[in-house]
Amino acid sequence: MRFLKSLFKGKLQKDNKVFPPIPQWQPNTPVNHEQIMEAAKYYTGGKVQLAVFQYGTVVMFPEAVTDITEEAKLTLHKIYNAHPDFKPLNMDDGNYLIEYSYPAFTVVFKNEPENYWDYIEDNHQQGVCPDEVLINSNGEHNVFDRIGKISLFGRARMFMDAQAPQVVKTFTPLLANE
């Protein structure tokens, strides 16, 4: 293959793809870190260490770590540098949890789609990364229902956190023997 590249030098199309891929959308809605932390503690039963990033991404640690901030940044880096697959979950409190392939998630509170629906509706396609194809449950490419649009909103926040990772809140549960 290197032989062909050297032979066809200057005649091959340039690959200008950016990695990791980044969506254009950078939601500018308020983020309530305290509310996110309380929801995260509720979802995890208050039993695991948690880190909340500036734009609301939560990283959780099933096994205790010494440096929550650095380990949270490492986890977010892994998500960002792999294909950031996501899975939306409807929570029992009416919120939406956007789950990633590593132990991290974004919470979209039930009032956010209610308050910002026009904004989400108008911008959700910008939440798709360049050259990304997301297939919905009907097999359609880059066609999103309400939950899909909400998921892209939450995932766009994760991308913002990944590009400028800043942990703003941490939580460590009390040990059982304390």
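Look up: the structure comes first, before these words.
Residues numbered from 1 in each chain as written. Predicted model: local features only at pLDDT ≥ 70, side-chain atom pairs only at ≥ 80, totals over all residues. Heavy atoms only, no water.

J.: An account of the overall build of the protein is needed here, citing residue identities and associated values.
T.: Within the protein, the secondary structure is distributed over five helices and six strands. Secondary structure of the protein in N-to-C order comes out as α-α-β-β-α-β-β-β-α-α-β. For the protein, the proportion of its 178 residues judged to be buried stands at 40%. Residue pairs in contact within the protein that sit at least 24 positions apart in sequence constitute 63% of those at least 6 positions apart. A total accessible area of about 10,600 Å² is found for the protein, and carbon and sulfur atoms account for 51% of it. (Helix = DSSP H or I, 4+ residues; strand = E, 2+ residues; numbered from the N terminus. Buried < 20%, exposed > 50% of the residue type's maximum accessible area, 1.4 Å probe, protein only. Contact = heavy atoms within 4.5 Å. Areas by Shrake-Rupley, 256 points an atom, 1.4 Å probe, with all protein chains shown as cover.)

J.: I'd like a description of the sheet that holds strand 1 (residues 49-53), backed by residues and values.
T.: The strand order across the open sheet formed by six strands is 3-4-5-2-1-6, and the pairing between neighbours is antiparallel. Single-partner strands in this sheet number two, and they are strand 3 (86-90) and strand 6 (167-171). Each adjacent strand pair in this sheet contributes to an overall mean axis angle of 25 degrees, direction not counted. Note that strand 1 and strand 2 (residues 57-61) share four bridges and pair antiparallel. The partner of Gln49 across the bridge, within strand 2, is Phe61. Against the sheet, helix 5 (residues 146-163) makes contact with strand 1, strand 2, strand 3, strand 4 (96-100) and strand 5 (104-108), and its axis sits at roughly 55 degrees relative to strand 4, the strand it touches most. (Pairing = 2+ DSSP bridges. Axes fitted to C-alpha atoms, helices over the stretch in contact; angles between N-to-C directions.)

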